[in-house]
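Residues per chain are reported as follows:
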Amino acid sequence: MSASELNEAIDDSNFPQAHILSRGRNNSICSTGSASGNSSLLDRNLSQTDDASAGSVAGNVANEAQSDGAVSKAITNRPKLVIKANGTIPENDSIRTPMTPRTSTTPGHENCTFHHDLELDHKPPTREALLPDMARSYRLLLGGLGENPDRQGLIKTPERAAKAMLFFTKGYDQSLEDVLNGAVFDEDHDEMVVVKDIEMFSMCEHHLVPFYGKVSIGYLPCNKILGLSKLARIVEIFSRRLQVQERLTKQIAVAVTQAVQPAGVAVVVEGVHMCMVMRGVQKINSKTVTSTMLGVFRDDPKTREEFLNLVNSK
Ligand SMILES: Nc1nc2c(ncn2[C@@H]2O[C@H](COP(=O)(O)OP(=O)(O)OP(=O)(O)O)[C@@H](O)[C@H]2O)c(=O)[nH]1
Ligand SMILES: [Zn+2]
């Protein structure tokens, strides 16, 4: 799938469940239906209240069930996330997506839609070939620090640092297709799948220092499921780049969407930014939480709540 097709795919209208509440309670989870796919979202949440651990959720669900009409109206009125095929956001859209320049002057990358965007099929062939230039740059940096790059301990540092930086950004070399390796399976399953607390290490694009944390991903399958490890591998593709946490969160959600075309995808990322810990404002306990909710997770509060309860439970 090309980048533009991918961008089109995250238009909410492509999610079969986008308006389930306004369609009534007994609709199948997936528009294609399935033998066991007739439980409504309400049923799914009410059965959740049998679980003692659901605790206060029971009250919330009951309240929400009473105000379904209001919820339905609110959902209809909520602005949708729409990204056009060319990667831009409609001008009057109230939801702005952080976009970064789409140009590259690096040899071999001239025709690339730049790495930052939602593109998954970009695979520069020669990143290792950049090592000598990168090493030279690190050597200059050492000199800039007032260090002697020729002293024994630093002789190989420029090359090591260049290799380390290539590792920290190895996601640029990975494509979704390679990572999935065909591990998408037809399965008559329409209950929520959640893999949570996936470790994540990334690089702040503003300061080139790490941010790290954990990622939780949920999706509601439509007769296709994904090999579980592939969710963690998707996190690797996008975290191993220069990033901001917001974009990382969205890219993961889009990739899962592309992989299994589910009824919805939810991603929550909790990150510690070393640029806020080791320097700058120096707040060592602050955490940044970002989320992307697509499809039914965006439109149905109960589904979103079920996901968040699963993510927040020990
Ligand atoms: N939204 C967002 N901001 C980030 C992320 N990583 C770093 N930043 C912020 O990027 C901003 C850069 O701000 P500047 O004022 O240009 O840089 P600075 O002087 O180094 O800022 P301070 O960190 O406040 O010292 C800072 O507020 C960082 O906290 C991220 O993932 N998402
Ligand atoms: Zn930073």
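Residues numbered from 1 in each chain as written. Chains lettered and ligands numbered in written order. Predicted model: local features only at pLDDT ≥ 70, side-chain atom pairs only at ≥ 80, totals over all residues. Heavy atoms only, no water.

**Student:** Is there a simple way to explain the overall build of the chain in this structure?
**Tutor:** For the chain, the helix and strand inventory stands at 12 helices and seven strands. Every one of the 314 residues in the chain was classed for burial, and the buried ones make up 47%. By sequence separation, contacts in the chain at least 24 residues apart represent 69% of the contacts at least 6 residues apart. Accessible surface computed for the chain: about 15700 Å², of which carbon and sulfur atoms make up 54%. (Helix = DSSP H or I, 4+ residues; strand = E, 2+ residues; numbered from the N terminus. Buried < 20%, exposed > 50% of the residue type's maximum accessible area, 1.4 Å probe, protein only. Contact = heavy atoms within 4.5 Å. Areas by Shrake-Rupley, 256 points an atom, 1.4 Å probe, with all protein chains shown as cover.)

**Student:** How should the site of ligand 1 be read in this particular structure?
**Tutor:** All residues adjacent to ligand 1 are Cys204, His206, His207, Val244, Gln245, Glu246, His273, Cys275, Arg279 and Gly280. Within the side chain of His206, an N or O atom sits 2.9 Å from an oxygen atom of ligand 1. One nitrogen or oxygen atom from the side chain of Arg279 is found 2.9 Å from an oxygen atom belonging to ligand 1. When its residues are assigned to classes, the shell around ligand 1 shows three nonpolar, five polar and two charged. (Near = heavy atom within 4 Å. Polar contact = N/O pair within 3.5 Å; in protein donor to acceptor, adjacent residues only side chain to side chain. Nonpolar A, V, L, I, M, F, W, Y, C, P; charged D, E, K, R; others polar.)

**Student:** Looking at this structure, I do not really get the packing of aromatic side chains. What am I missing?
**Tutor:** Working definition: an aromatic ring pair is given by the centre-to-centre distance plus the angle between the planes. A full pass over the atoms with the stated rule returns two aromatic pairs. With a centroid separation of 6.4 Å and 25 degrees between ring planes, the pair formed by Phe201 and Tyr212 is classed as stacked. Placement of Phe201 in strand S2 (residues 193–204) and of Tyr212 in strand S3 (residues 210–220) is noted, with a sequence separation of 11 residues between them. By relative accessible area, Tyr212 is classed as partly exposed at 35%. Here the aromatic rings of Phe297 and Phe307 are separated by 5.8 Å at their centres, their planes lie at 80 degrees, and the arrangement is edge-to-face. (Phe/Tyr/Trp six-rings, centres within 6.5 Å; stacked < 30°, edge-to-face > 60°.)

**Student:** Can you help me understand the coordination of the zinc ion (ligand 2) in this one?
**Tutor:** Protein-derived coordination of the zinc ion (ligand 2) comes from Cys204 (SG), His207 (ND1) and Cys275 (SG), at a distance range of 2.0 to 2.3 Å. Counting along the primary sequence, the residues that act as donors to the zinc ion (ligand 2) give the motif C-x2-H-x67-C. Taken together, the positions of His207 in the loop between S2 and S3 and Cys275 in helix H10 (residues 274–277) put the pair 68 residues apart, joining distant regions of the chain. (Donors = N, O, S within 2.8 Å, 3.2 Å for Na, K, Ca; no water.)

**Student:** How should I be thinking about the UniProt feature "domain: GTP cyclohydrolase I" (unreviewed entry) in the chain in this particular structure?
**Tutor:** The UniProt entry lists residues 136–311 under the feature "domain: GTP cyclohydrolase I" (unreviewed entry), expressed in the numbering used here. Measuring from the first to the last C-alpha atom of residues 136–311 gives 45 Å, for a span that is 41% helix and 28% strand. (UniProt positions renumbered as here; feature names shortened; annotations may be inferred.)

**Student:** Honestly, the environment of Leu154 in this entry has me stumped. Any pointers?
**Tutor:** Relative to the elements of secondary structure, Leu154 occurs in the loop between helix H5 (131–144) and helix H6 (157–168). Not counting residues up to four positions away in its chain, the partners in contact with Leu154 are Leu142, Glu147, Asn148 and Pro149.

**Student:** Can you walk me through the domain arrangement of the chain in this structure?
**Tutor:** As a measure of interface size, the accessible area lost when the parts come together is often cited. According to the domain assignment, the chain consists of domain 1 (127–172) and domain 2 (182–312). The C-alpha centroid of domain 2 is placed 31 Å from the C-alpha centroid of domain 1. Across the boundary between the two partners, domain 1 contributes seven residues, which contact six residues of domain 2. Where domain 1 abuts domain 2, roughly 670 Å² becomes buried across the two surfaces, and 62% of that area is made up of carbon and sulfur atoms. Counting across the interface, domain 1 meets domain 2 through one salt bridge. (Domains from an automatic or database assignment. Buried area = accessible area lost by both parts, 1.4 Å probe. Salt bridge = Lys/Arg side-chain N within 4 Å of Asp/Glu carboxyl O.)

**Student:** What is the right way to look at the sheet that holds strand S5 (residues 242–243) in this model?
**Tutor:** Paired through backbone hydrogen bonds, the strands of a sheet run either parallel or antiparallel to each other. One open sheet accounts for five strands, arranged S5-S2-S3-S6-S7; its pairing is mixed. Edge positions in the open sheet fall to S5 and strand S7 (288–295), since each of these has one partner strand only. Pairing analysis gives eight bridges linking strand S6 (residues 264–273) to S7, with the strands arranged antiparallel. Each residue of the ladder has a partner; that of Ala266, found in S7, is Met293. Along the sheet, helix H8 (residues 228–239) contacts S2, S3 and S5; its crossing angle with S2, the most-contacted strand, is approximately 20 degrees. (Pairing = 2+ DSSP bridges. Axes fitted to C-alpha atoms, helices over the stretch in contact; angles between N-to-C directions.)

**Student:** How should I be thinking about the nonpolar core in this particular structure?
**Tutor:** Nonpolar side chains in soluble globular proteins generally cluster together in the buried interior. Residues Val215, Ile217, Tyr219, Ile234 and Ile252 are the most contacted members of the largest nonpolar core, which totals 31 residues. Listing elements by their share of this core, those giving two or more residues are helix H7 (176–180), S2, S3, strand S4 (224–226), H8, helix H9 (245–260) and S6. Top element by residues in this core is H9. It accounts for seven residues. Within the second largest apolar cluster, 11 residues are counted, among which are Leu220, Ala266, Phe297 and Phe307. (Core = buried A, V, L, I, M, F, W, Y, C linked by side-chain atoms within 4.5 Å.)

**Student:** When you look at the pattern of salt bridges in this model, what are you seeing that I'm missing?
**Tutor:** A side chain of one charge can pair with a side chain of the opposite charge when the charged atoms of the two come close. Taken as a whole and assessed by the stated rule, the structure comprises 10 salt bridges. As a salt-bridge pair, Asp150 and Arg139 come within 3.0 Å of each other at their nearest N and O atoms. Here Arg139 lies in helix H5 and Asp150 lies in the loop between H5 and H6, a separation of 11 residues in the sequence. Judged by its relative accessible area of 37%, Arg139 falls in the partly exposed class. Within the structure, one salt-bridge network assembled from shared partners comprises Lys170, Glu236 and Arg240.

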